[in-house]
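Analysis of the macromolecular model
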Amino acid sequence: MLWEILTTSLAICGGTLAFCYYQFSIVPRRNPLWKVCALPRPSLFHSNMKLILDPSFSCKAHEAIAEQYGRSVRVQGVGPWDQRLLTFDPVALHHVTKNSNIYEKPWTTQRFITSFIGCGLLSAAGSVHKRQRRVATPAFSIQNLRAFAPIVFERGFRLRDRWRDIITKNSGDKAVLDVCMWASRITFDVIGAAGFDYDFNSIKNDTNELFCAYREMFELSISQNQNVMRQLLSIYFPIVNVLFPDLAARTVKRCHKVIWRVAGTLVQEKKKKVLDALQGGKPCEDKDLLALMLKSNLSTEIPPDQRLSDEDILNNVNTVMFAGSDTSSLGLTWTLYLLAKNPEVQDQLREELSTVHCPESFGDLSVDEIDSLYGNVSELPFFDKVIKEALRLVPPVHSSIRVADQDDVIPTSQPYKIQKPGGGAVTVTSPIRVGKGTVVHIPIEAFNLDKSVWGPDAWEFKPDRWDNLPDVVKTQPGLYSNLMTFSAGPRSCIGMRFSIIEIKIVIYMLVINFSFHDTGADIIKSNVVFTRPYIKNKYQEGSQLPLRVVRLDKSPIH
Ligand code: HEM
């Protein structure tokens, strides 16, 4: 009996080991990607992920990789079986981002995002994504987005007044402010108002119930303090969170309750308004993204079987809140940081911005005046270069990944190295064959900072570079000005125009009213879902960016 138990146990253990060896060692080697030369690993138990994902040294790492291996290389992901293709070959990336039917987001990412914000545009795949994108796209058209300018200006005035109050109470003309926190509040307010006609009022105070629910949930999604094993377990077996909810699962559940009650009611009310207007024979005049999505969903251009459910609509409200708040706020934050670090650029920018007159209060502006104010501001040439340059140099989304849904051949334009059968490596330019399941790493930042494309000064903040770009820049993929900041292809950022309008108006309002100065704090970039600022050695204090902010109406010192 004992012998039987022993032999059975040994057989099970042996079988499991053999399965693991086959699955994790043989199967990956069968992937033709294995031929591509691999980055050496720091140790058997370490991946290459930190090297390529940490923005405090990833640009140096990518430069060294390009020099040694060429523009495509195999890297070790999480676990020995996870072999990824890292490529900063523009042709390869164009292929991967364009063919979103072959290259989807990994199912683990989809499930993780869905567990927080539901299955909206960010996490939906295949035909579900296509359907959602088709309904949402009209809401983000240029004409519709222009209607958001008054909302952003109004919040810009609110922030200006709030900062003036704080500074006056502080010393009269200057104060050290955490611009990261304030940028986050204004973008939340803007996306709340523009997204679904809701006032979080977070510039004034941070107590709104819905604001707190979203904030708490988003912070949890990026929290580094969570148990990684538990997180993985709940991604692979979501039932774990239902049967044995930990603190994180209970928090998400509590936040979901508030979101369903408050935001869900907003969706229902707006839907009723749109339907009532339709039945009354005149279209609903509301211009927020929710109203626009609901109108698009009910339009005759969308076949009834392609329409979104109320749940899909709410998931997309959550998605827009998630995808459109931290990203834009970090775009604003890093722009202010770069201006503080480059006072001569800041002065030149202010001189240009001051040519467009801004009245003292929002109430003094008619809708037409706001429209022309935005038109004038958005066309200022130096301003445009400053914004492009800031979004090039510090893209809030550091990188992304896709997984091949089938075997594929990726075209290339730049040399890379493959292993020779007898040992050693040879440089080739042939297309790269990848097996189904191959993860492709999209290094957004590496594209934007590539010295062989943007020149030897690619890592510096030089807005004037945009007057005289190297020809090769034109061959770079990217939705926005040949930058990968907003990605490319059918899964690129739907909110790109929205965020440019928002960033431009807020920066305009802030730079004409305040000047920004370095405090001497050693700011480092860290990739916590997005590229965030931290003070060196004060990581535990959370993301922050203190700048000395001076009131320009009170002080002649800029
Ligand atoms: C500076 C600001 C922003 C940056 C840098 C940014 C960047 C990006 C990037 C890189 C992606 C692709 C993600 C991936 O491939 O994994 C993306 C997708 C997306 N973004 Fe943005 N974004 C910004 C602002 C916004 C805003 C303001 C909104 C909404 C109002 C928004 C909504 C979305 C949505 C819904 C998607 C998913 C699109 C899809 O898969 O169809 N983003 N964004």
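Let me begin by describing the structure that accompanies this report. Sequence order as written defines residue numbering, which begins from 1 separately in each chain. At least 70 in pLDDT is required for a residue's local features to be given in this predicted model, at least 80 for side-chain atom pairs to be given and counted, and no such filter applies to totals for whole chains, interfaces and linings, which use all residues. The basis for every side-chain value is the complete set of non-hydrogen atoms in the structure, without hydrogens or water.

This brings us to the coordination of the iron atom of the ligand. Each metal's donors comprise the N, O and S atoms found within 2.8 Å of it (within 3.2 Å for Na, K or Ca). Water is not part of the atom list, so some coordination spheres may appear incomplete. Donation to the iron atom of the ligand from the protein comes from one atom only, Cys493 (SG), at 2.3 Å. In this description a helix means any DSSP run of H or I spanning at least four residues, a strand means any run of E spanning at least two, and both kinds are numbered starting from the N terminus. Following the sequence through the fold, Cys493 ends up in the loop between α20 (451-454) and α21 (496-513).

Right, let's get into the pattern of salt bridges. Think of a salt bridge as a Lys or Arg side-chain nitrogen and an Asp or Glu carboxyl oxygen that are within 4 Å of each other. A complete count under the given rule lists 42 salt bridges for this structure. Put simply, Lys270 and Asp286 hold a salt bridge, and the shortest N to O gap is 2.8 Å. Of the two residues, Lys270 sits in helix α13 (residues 247-279) while Asp286 sits in the loop between α13 and α14 (289-298), which places them 16 residues apart along the sequence. Pair check on accessibility: Lys270 and Asp286 agree, each one buried. Put simply, Lys504 and Asp384 hold a salt bridge, and the shortest N to O gap is 2.6 Å. Three exposure classes are used, based on accessible area relative to the maximum for each residue type with a 1.4 Å probe and protein chains only: buried under 20%, partly exposed in between, and exposed over 50%.

This part is about the site of the ligand. Taken together, 28 residues lie around the ligand, and His129, Arg133, Ser400, Arg402 and Cys493 are the ones closest in. Leu121 places a polar main-chain atom, nitrogen or oxygen, 3.3 Å from an oxygen atom of the ligand. N or O atoms closer than or at 3.5 Å make up a polar contact, with two conditions inside protein: a donor-capable atom paired with an acceptor-capable one, and, for residues adjacent in sequence, both atoms drawn from side chains. Within the contact set of the ligand, an oxygen atom lies 2.6 Å away from a side-chain nitrogen or oxygen of His129. When residues of the shell around the ligand are traced back to their parent elements, those giving at least two are α6 (126-136), α15 (310-341), β5 (400-404) and α21. Among the elements that take part in the shell around the ligand, α15 stands out by supplying six residues, more than any other. Only Asp, Glu, Lys and Arg are considered charged, only Ala, Val, Leu, Ile, Met, Phe, Trp, Tyr, Cys and Pro nonpolar, and every remaining residue, Gly among them, polar. When grouped by side-chain class, the residues that make up the shell around the ligand number 13 nonpolar, eleven polar and four charged. By convention in these notes, a residue is near a molecule or strand provided one of its non-hydrogen atoms lies within 4 Å of it.

Two kinds of site are reported from a 1 Å grid over the protein atoms alone, namely cavities, where a 1.4 Å probe fits but cannot get out, and pockets, open sets with protein on both sides within 12 Å along at least five of seven lines, and residues are called lining when an atom falls within 4 Å of a point. Grid points are joined across faces, edges and corners, and a volume is the space filled by probe spheres set on the points. By the definition in use, this model includes one cavity of 30 Å³ or more. What the largest cavity holds in volume is close to 40 Å³. Of all the secondary structure elements, the ones that give two or more residues to the lining of the largest cavity are α8 (149-170), α9 (179-196), α15 and α21. Per element, the largest residue contribution to the lining of the largest cavity is four residues, and it comes from α9. Looking at side-chain class alone, the lining of the largest cavity contains ten nonpolar, no polar and no charged residues.

Another point: the sheet that holds strand β3 (residues 103-104). Any two strands between which DSSP finds at least two bridges are classified as paired. Strand order in the open sheet made by the five strands is β1-β2-β10-β5-β3, with mixed pairing throughout. Either end of the sheet is taken by a strand with one partner, and the two such strands are β1 (72-76) and β3. Bridging between β1 and strand β2 (residues 83-87) involves five bridges; their strand directions are antiparallel. Within β2, the position partnered with Ser72 by the bridge is Thr87.

Attention shifts here to the nonpolar core. Only buried Ala, Val, Leu, Ile, Met, Phe, Trp, Tyr and Cys residues count toward a nonpolar core, and they belong to the same one when joined by side-chain atoms within 4.5 Å. By size, the foremost hydrophobic cluster in this structure holds 122 residues, and its most contacted members are Trp163, Phe196, Tyr214, Tyr508 and Phe516. With 14 residues, α15 is the single largest residue contributor to this core. Residues within four places of Phe516 in sequence aside, it is in contact with Trp163, Val179, Leu336, Ala340, Gln346, Arg350, Leu510, Val511, Leu547, Arg548 and Val549. Counting residues in hydrophobic clusters, the runner-up holds 32 residues, among them Cys37, Ile410, Val440 and Ala446. When checking whether two residues touch, look at their non-hydrogen atoms; a contact exists if any pair is within 4.5 Å.

On to the sheet that holds strand β14 (residues 546-551). On the basis of which strands lie adjacent, the open sheet formed by three strands has the order β4-β14-β11 and antiparallel pairing. Looking at strand neighbours, the two that pair on one side only are β4 (174-178) and β11 (514-517), the edges of this open sheet. Taking the axes of each pair of neighbouring strands and ignoring which way they run, one obtains an average angle of 35° across the sheet. Two strands pair when backbone bridges link them, and β4 and β14 are joined in this way by five bridges, in the antiparallel orientation. Interaxial angles span 0 to 180 degrees and are taken between N-to-C directions of axes, which are lines fitted to C-alpha atoms, for helices over the stretch in contact.

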